[in-house]
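Below are the chains, spelled out letter by letter.
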Amino acid sequence: VQLQASGGGLVQAGGSLRLSCTFSERLGSSWSVAWFRQAPGMERSFVAGSHRNSGRFQYADSVKGRFTISRDNARNLMYLQMNNLGPEDTAVYFCAAGSTVILSSLASHSAYAYWGLGTQVTVSS
């Protein structure tokens, strides 16, 4: 499975962006998908995830109420709607997918076998 993230760019604080992740093949409900981000000099961190089968969503505390993850299995797509962006959201954003992710590991980058190249999001103050 190949993933490709897109939709990043430069936006002013308070603005919005929608990231997309395209899958090379159809991922059914048995797959978990997630977004991670990595700021300069920082480790990759969890942003949002959608768990397989259960359909449960999980968000990092820092983005709750501002970001929304969604998936369109029929179109092999996943989205991250980001609202009220701040400079602290500046990072490279990565999409990830895995077929064996358990709910308790949804936020763990090591749980995902497939990763896309990142897309840069820069928020100016």
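For the structure itself, consult the block above.
Residues numbered from 1 in each chain as written. Predicted model: local features only at pLDDT ≥ 70, side-chain atom pairs only at ≥ 80, totals over all residues. Heavy atoms only, no water.

Engineer: Just give me the short version of the pattern of salt bridges, but keep the residues and values in it.
Structural biologist: Summed over all chains, the structure comprises three salt bridges. When the shortest N-O distance is used, the salt bridge between Asp-89 and Arg-37 registers 2.9 Å. Of the two residues, Asp-89 sits in the loop between β8 (77–82) and β9 (91–98) while Arg-37 sits in strand β4 (residues 32–38), which places them 52 residues apart along the sequence. For Arg-37, a relative accessible area of 10% corresponds to the buried category. Residues joined by salt bridges that share partners form a network here, namely Arg-37, Arg-66 and Asp-89. (Salt bridge = Lys/Arg side-chain N within 4 Å of Asp/Glu carboxyl O. Helix = DSSP H or I, 4+ residues; strand = E, 2+ residues; numbered from the N terminus. Buried < 20%, exposed > 50% of the residue type's maximum accessible area, 1.4 Å probe, protein only.)

Engineer: Lay out the packing of aromatic side chains in plain terms, naming residues and giving numbers.
Structural biologist: Considering all chains together, one arrives at five aromatic pairs under this definition. The interplanar angle of 45° and the centroid separation of 5.6 Å between the aromatic rings of Trp-31 and Tyr-114 together place this pair among those described as tilted. In this pair, Trp-31 is assigned in the loop between β3 (17–23) and β4 and Tyr-114 in strand β10 (residues 114–117), connecting sequence segments 83 residues apart. According to the relative accessible area criterion, Trp-31 is buried, its value standing at 14%. For the pair Phe-36 and Phe-46, a centre-to-centre distance of 5.6 Å together with 75° between the ring planes defines the contact as edge-to-face. With Phe-36 in strand β4 and Phe-46 in strand β5 (residues 45–50), this residue pair connects regions lying ten residues apart in the sequence. In this structure, Phe-36 and Phe-46 share a single accessibility class: buried. Through a chain of ring-to-ring contacts, three or more aromatic side chains come together here, namely Phe-36, Phe-46, Tyr-112 and Trp-115. (Phe/Tyr/Trp six-rings, centres within 6.5 Å; stacked < 30°, edge-to-face > 60°.)

Engineer: Go over unusual backbone geometry, please, and point to the residues and values.
Structural biologist: Of note, the phi angle at Asn-76 is positive, near 60°, even though the residue is not glycine. Tracing the backbone through its elements, the reader meets Asn-76 in the loop between β7 (67–72) and β8. On the accessibility criterion, Asn-76 (18% relative accessible area) is buried. Positioned with a positive phi, Asn-84 is a non-glycine residue whose angle comes to about 50°. With respect to the helices and strands, the residue Asn-84 is situated in the loop between β8 and β9.

Engineer: Describe the pairing of β9, listing the residues and the values that go with them.
Structural biologist: Of all eight residues that make up β9, seven are buried, and the element is covered over most of its length. With seven bridges connecting them, β4 and β9 associate as antiparallel partners. Bridge assignment links Phe-36 to a residue of β9, and that residue is Phe-94. With three bridges joining them, β9 and strand β11 (residues 119–124) adopt antiparallel strand pairing. Note that in β11 the partner of Val-92 across the bridge is Gln-120. In this sheet, β10 lies alongside β9 in antiparallel orientation, the contact comprising two bridges. Of the residues in β10, the one forming a bridge with Ala-97 is Tyr-114. (Pairing = 2+ DSSP bridges.)

Structural measurements only, silent on function.
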